[in-house]
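# Descriptive analysis of the structure
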Amino acid sequence: MNDKRCDNFGSFSDKTRRAWYRLSKNKLSVVGFVGVVVIVLAAIFAPFIAPYPTHAGKVVDFLNANQPPSLAHLCGTDPMGRDVFSRIIFALRSTLLMGVVVLSISVPFGTTMGLIAGYFQGSLIDSLITRLTDIFLAVPPLILALSVAALLKPNLMNAMLAITITWWTWYARLAYGMAVTLNREYYVRSAQLLGASWMHIIFKEMLPNCLSPILTKMTLDMGIVIMTAAALSFVGLGEQPPTPALGTMISDGAKYMPTQWWLTVFPALAIMIIVLSFNLLGDGFRDLFSTEEKQ
């Protein structure tokens with residue numbers, strides 16, 4: 001038993017090293033990976049990294065209001081005298097939380113719906129799920145998210161709900177297309193002939209073969225979800241003051257352009273770096289999985 005466990009651990013370790021080797025050959029993917037790690041660590045340890053952690057709350061310092069970037073305030077200060085850099089660091093928390101929660105809900109639900117519809121292709125279940133998916137896909141996701149969020153009380157939780165309602169459809173469509181293809185594979189036909197249940201076939205036979213494109217899309221979608229969340233915050237439908245949110249910071253800073261440019265530019269740069277890091281990492285995962293499939 002112990003030898004078997006050691007063999008499994010060694011095999012997993014070898015696969016991890018090979019995967020990292022292939023990923024590291026793409027320098028841009030490494031940049032994305034490092035960027036994601038730095039962003040996540042900055043969000044987790046925000047109280048220790050931010051030079052003015054109290055400025056993420058109800059704090060005013062009018063003596064230092066509207067200060068340009070300097071050594072004391074790397075990204076300047078806002079009209080309330082709060083350090084912009086500290087608020088950006090704390091805003092990473094709600095930004096990453098939004099992406100993680102939205103994808104944690106929409107990916108399992110959408111993937112399950114797509115696999116069920118694809119397995120029962122041509123049935124009433126297939127028609128119901130695909131028609132529902134088409135209805136949601138007919139409306140641009142940002143417009144639908146704005147509409148749902150506008151009907152609810154503006155806060156972080158309702159913003160997550162609004163985006164989740166729109167996001168599961170993309171994974172349902174992806175899983176549906178893959179399930180239709182996998183239905184013709186010999187191992188699925190063999191499982192059906194052996195009397196395996198549809199749940200066993202979907203979750204034990206089909207799902208493992210769908211994980212690579214789903215994980216790649218999740219990494220790429222993380223940046224898009226964050227941009228959508230920033231758009232909701234920009235119009236006041238996301239995280240509410242005094243809690244910092246990148247979209248809100250951009251919206252508030254736009255009133256003082258161009259003289260106090262740092263109020264808008266630095267939060268916008270933060271969003272750009274986050275989205276770019278996840279996109280570069282997603283491209284690396286896509287190349288990694290495609291290489292494994294060829295082998």
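Small disclaimer: the values here were computed from a predicted structure and weren't measured. (Residues numbered from 1 in each chain as written. Predicted model: local features only at pLDDT ≥ 70, side-chain atom pairs only at ≥ 80, totals over all residues. Heavy atoms only, no water.)

As for its placement among the helices and strands, D221 is situated in helix 10 (residues 211–234). Residues contacting D221, with those up to four places away along its chain left out, are L103, W167 and Y171. (Helix = DSSP H or I, 4+ residues; strand = E, 2+ residues; numbered from the N terminus. Contact = heavy atoms within 4.5 Å.)

The probe, sized like a water molecule, is rolled over the atoms to show the empty space still left. Its boundaries defined by the atoms lining it, the largest pocket holds a volume of some 320 Å³. Around the largest pocket sit 18 residues that line it, and D78, P79, R82, R87 and D252 are the ones nearest its centre. Counting only elements with at least two residues in the lining of the largest pocket, the list comes to helix 4 (84–119) and helix 11 (246–253). With 4 residues, helix 11 is the largest single contributor of residues to the lining of the largest pocket. Residues belonging to the lining of the largest pocket are distributed by class as follows: 10 nonpolar, 3 polar and 5 charged. (1 Å grid on protein atoms, 1.4 Å probe; cavity = no way out; pocket = protein on both sides within 12 Å on 5 of 7 lines; lining within 4 Å. Points joined across faces, edges and corners; volume = space filled by probe spheres on them. Nonpolar A, V, L, I, M, F, W, Y, C, P; charged D, E, K, R; others polar.)

Most of the time, phi is negative for any residue but glycine, and the peptide bond is trans. Backbone torsion omega between P241 and P242 reads 5 degrees, so that peptide bond is classified as cis. Assignment of secondary structure puts P242 in the loop between helix 10 and helix 11. M257 connects to P258 through a cis peptide bond whose omega is 0 degrees. Within the secondary structure layout, P258 lies in the loop between helix 11 and helix 12 (262–294).

A word on the pattern of salt bridges. Evaluation of the coordinates by the stated rule reveals 5 salt bridges. Salt-bridge contacts for D78 lead to R82; the nearest nitrogen and oxygen are separated by 2.9 Å. Just as D78 is buried, R82 falls in that class too. For D252, the salt bridge goes to K255, with nearest N and O atoms at 4.0 Å. (Salt bridge = Lys/Arg side-chain N within 4 Å of Asp/Glu carboxyl O. Buried < 20%, exposed > 50% of the residue type's maximum accessible area, 1.4 Å probe, protein only.)

Summed over all chains, the structure comprises 2 cavities of 30 Å³ or more. Empty space within the largest cavity amounts to approximately 110 Å³. Looking at the lining of the largest cavity, the elements that each hand over two or more residues are helix 4, helix 10 and helix 11. The dominant element in the lining of the largest cavity, judged by the number of residues it contributes, is helix 10, at 4 residues. As for the second largest cavity, its lining consists of F136, L137, V139, P141, L144, T166, T169 and W170.

Each pair of packed helices can be summarised by the angle the axes make with each other and by the distance between the axes. Packing of helix 6 (residues 141–151) against helix 7 (residues 156–182) leaves a shortest axis separation of 7 Å and a crossing angle of 150 degrees. One finds that helix 6 runs roughly antiparallel with respect to helix 7. As for how helix 6 packs across helix 7, the hand of that crossing is right-handed. Residues P141, L144, A145, V148 and A149 of helix 6 pack against A162, I163, I165, T166, W167 and W170 of helix 7. A breakdown of the residues in the contact of helix 6 with helix 7 according to their chemical character gives 10 nonpolar, 1 polar and no charged. (Axes fitted to C-alpha atoms, helices over the stretch in contact; angles between N-to-C directions. Parallel < 35°, antiparallel > 145°, perpendicular 65-115°, else oblique. Left-handed = near helix turned anticlockwise from the far one by under 90°.)

Looking at the secondary structure, you find K153 in the loop between helix 6 and helix 7. For K153 and Y171, which are 18 residues apart along the polypeptide, the C-alpha to C-alpha distance reads 27 Å.

Here we take up the nonpolar core. Membership of the largest hydrophobic core comes to 66 residues, with the highest contact counts inside it found for M98, I163, M206 and L246. When neighbours within four sequence positions are excluded, L246 is seen to be in contact with I88, A91, T95, P267, A270, I271 and I274. (Core = buried A, V, L, I, M, F, W, Y, C linked by side-chain atoms within 4.5 Å.)

Turning next to helix 5 (residues 124–137). Between the first and last C-alpha of helix 5 there are 20 Å, a value that for 14 residues agrees with the 20 Å anticipated at 1.5 Å per step. Close packing links the buried residues of helix 5 with helix 4 and helix 7. (Expected span 1.5 Å × (residues − 1).)

From the geometry alone we can't say anything about function, so treat these as descriptive.
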